[in-house]
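Residue strings, one per chain:
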Amino acid sequence: MRYEHVCVEAVSCILPPHVVTSDEIEAQLAPVYERLGLPAGRLELMTGIQERRFFDRETLPGTISAQTVNQLLDQAGFDRKYVGALFHGSVCRDQLEPATASGVHHAAGLSENALILDISNACLGLLNGMVFLANMIEMGQIRAGVVVGTEVGRDLVEGTIDDLLQDETLTRKSIKNHIASLTIGSGSAAILLCDRRLSRTGHRLLGGSFQTDTSSHELCAGGVEAQKHGDHRPRMQTDSESLLVAGVNLAIPTWEQTKRTLSWQNEDVDRVFTHQVGKAHRKLLLEKLGLDPGLDYPTVEMLGNTGAAALPMAWALGIQNQALKEHDRVALLGIGSGLNSLMLGVQW
């Protein structure tokens, strides 16, 4: 994929108000830790995550996504009449139908001529949305578009804690498949793309590439199983160790293909934003790709794993904190369960 006419006009995020530390989660799991002989501090030691954030209980993703879109467009000073498409790309949605994008579109006051839909692809939904918007802009179908997503991880974390406390068959081995569920946080991010003739920033989306390894699609799976768990909170089972290896193995050829597409070498990259999973994933990914860890902008320690919002949230925070300079070459390195990898290059 190569783009000549697409600009990244703005990236924005909203952080939830409630902070929950890994120590607090372990305090709730004290009976389990004691029975299994697990040392306190294990969760942070394994993942590097000190805390994560949650929205108020019963918060719908679309409610926050609407706030994020309005914030994005207002801060950019971008006329809503030019927004020809709105995609909602997080794992979390308000309901099966209609599309969560419908309510977001209404709350954001966008044009009746805009194409709206939800995109679901695990942790890559927002990056996939960028590609679809960029394709439409490049072909002249729209002049601008927004992709937004909000992950609300509270129910998954709290449901997992309840399950672990009630499971008398739990062992030191079987608890490993639940650790990833305890790393989940919440957050929201939105990205505005537009035709370069509309852009006031000139931040160009250059292109990128994608690869897939569906032989690993069962390594991470989640959903709602009310009959099994007795409630409607989501649950997730993750083979974290195998997923780590498979994900990085997929990232390697994706990065090589991306560099060929963009005519980049590793030394051309000035800043990197990755999917935020945990410290082990970040370390191995950057090591295998041959990229300096100092180029990355990690947020997982304080935000946890926020799914499809993770990479764009880190990107938005990096912009806010002036981590990007004019003319920087920026690599967006996305990986999602399934397995899928999507990597994009931006000329800032």
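Placed above this text is the structure.
Residues numbered from 1 in each chain as written. Predicted model: local features only at pLDDT ≥ 70, side-chain atom pairs only at ≥ 80, totals over all residues. Heavy atoms only, no water.

(A) Just the overall build of the protein chain, in detail. Scanning the protein chain for helices and strands turns up 13 helices and 13 strands. Its C-alpha atoms give the protein chain a radius of gyration of 20 Å, within 12% of the compact-globule value 20 Å for 348 residues. By its C-alpha atoms, the protein chain is 65 × 45 × 35 Å across when sized along the principal axes. For the protein chain, with 348 residues in total, the buried portion stands at 55%. Once local pairs closer than 6 in sequence are excluded, the contacts in the protein chain between residues at least 24 apart make up 79%. (Helix = DSSP H or I, 4+ residues; strand = E, 2+ residues; numbered from the N terminus. Rg over C-alpha atoms; globule rule 2.2 N^0.38 Å. Buried < 20%, exposed > 50% of the residue type's maximum accessible area, 1.4 Å probe, protein only. Contact = heavy atoms within 4.5 Å.)

(B) Examining the packing of aromatic side chains more closely. This model, assessed by the stated rule, comprises three aromatic pairs. Ring centres of F78 and Y82 lie 6.1 Å apart, and the angle between their planes is 65°; this geometry places the pair in the edge-to-face category. Residue class for F78 comes out buried when judged on its relative accessible area of 9%. Plain terms: the ring middles of F273 and Y297 are 6.0 Å apart, the flat faces sit at 50° to each other, and that makes the pair tilted. Linking F273 in strand β11 (residues 271-274) with Y297 in the loop between α11 (279-289) and α12 (300-303), this pair joins segments that are 24 residues apart in sequence. For the pair shown, F273 and Y297 are each scored as buried. (Phe/Tyr/Trp six-rings, centres within 6.5 Å; stacked < 30°, edge-to-face > 60°.)

(C) Region of the structure containing empty space enclosed by the protein. Here the structure, examined in full by the defined rule, presents one cavity of 30 Å³ or more. Forming the walls of the largest cavity are T274, H275, Q276, V277, G278, H281, R282, D296 and V300. Here the residues of the lining of the largest cavity sort into two nonpolar, five polar and two charged. (1 Å grid on protein atoms, 1.4 Å probe; cavity = no way out; pocket = protein on both sides within 12 Å on 5 of 7 lines; lining within 4 Å. Points joined across faces, edges and corners; volume = space filled by probe spheres on them. Nonpolar A, V, L, I, M, F, W, Y, C, P; charged D, E, K, R; others polar.)

(D) Molecular detail of the pattern of salt bridges. One pass over the full model with this rule turns up 11 salt bridges. A salt bridge links E158 to R57; the shortest N-O distance between them is 2.7 Å. Of this pair, E158 sits in helix α7 (residues 154-166) while R57 sits in the loop between β3 (51-54) and α4 (61-76), and the two are 101 residues apart along the sequence. A salt bridge links K325 to D328, with the shortest nitrogen-to-oxygen separation between them at 3.7 Å. You can call K325 exposed: its relative accessible area is 54%. D328 sits in the buried class, given a relative accessible area of 5%. Here the residues in one salt-bridge network are R57, R154 and E158, joined through shared partners. (Salt bridge = Lys/Arg side-chain N within 4 Å of Asp/Glu carboxyl O.)

(E) Main features of the side chain of E51. Locating E51 in the fold gives a position in strand β3. Owing to a relative accessible area of 16%, E51 belongs among the buried residues under this scheme. A polar atom in the side chain of E51 sits 3.3 Å from the side chain of R53. Not counting residues within four places of it along the chain, the set of residues in contact with E51 comprises V19, V20, T21, S22, V300, E301, M302, L303 and G304. (Polar contact = N/O pair within 3.5 Å; in protein donor to acceptor, adjacent residues only side chain to side chain.)

(F) Structural detail: helix α6 (residues 125-138). Here α6 contains 14 residues, and its C-alpha end-to-end distance of 20 Å stays within 8% of the 20 Å for a straight helix at 1.5 Å per residue. Most of α6 sits out of view: 11 of its 14 residues are buried. Buried within α6 are the following residues: G125, L126, L127, N128, G129, M130, V131, L133, A134, M136 and I137. G140 sits one or two residues past α6 and shows a positive phi near 80°. (Expected span 1.5 Å × (residues − 1).)

(G) Examining the pairing of strand β5 (residues 115-118) more closely. Judged from the four bridges that link them, strand β4 (residues 83-88) and β5 form a sheet pairing that is parallel. Of the residues in β5, the one forming a bridge with L86 is I116. Assessed by its sense of winding, the connection that carries the chain from β4 through helix α5 (residues 100-108) to β5 is right-handed. (Pairing = 2+ DSSP bridges. Right-handed = clockwise from strand over helix to strand, strands pointing away.)

(H) Molecular detail of the nonpolar core. Core analysis: the largest hydrophobic core is formed by 42 residues, its most contacted members being V8, M130, L193, L205, F273, W315 and L332. For this core, the secondary-structure elements that each account for two or more residues are β1 (6-14), β4, α6, β7 (187-195), α13 (310-320), β12 (329-336) and β13 (340-347). Beyond its immediate sequence surroundings of up to four residues, M130 is in contact with V147, I191, L193, L205, W315, L332 and L344. (Core = buried A, V, L, I, M, F, W, Y, C linked by side-chain atoms within 4.5 Å.)

(I) Main features of the side chain of S188. Note that S188 resides in strand β7. Residue classification places S188 among the buried residues on the basis of a relative accessible area of 0%. A polar contact of 2.7 Å, which involves the side chain of S188, links it to the side chain of T150.

Distances and angles like these do not, on their own, reveal function.
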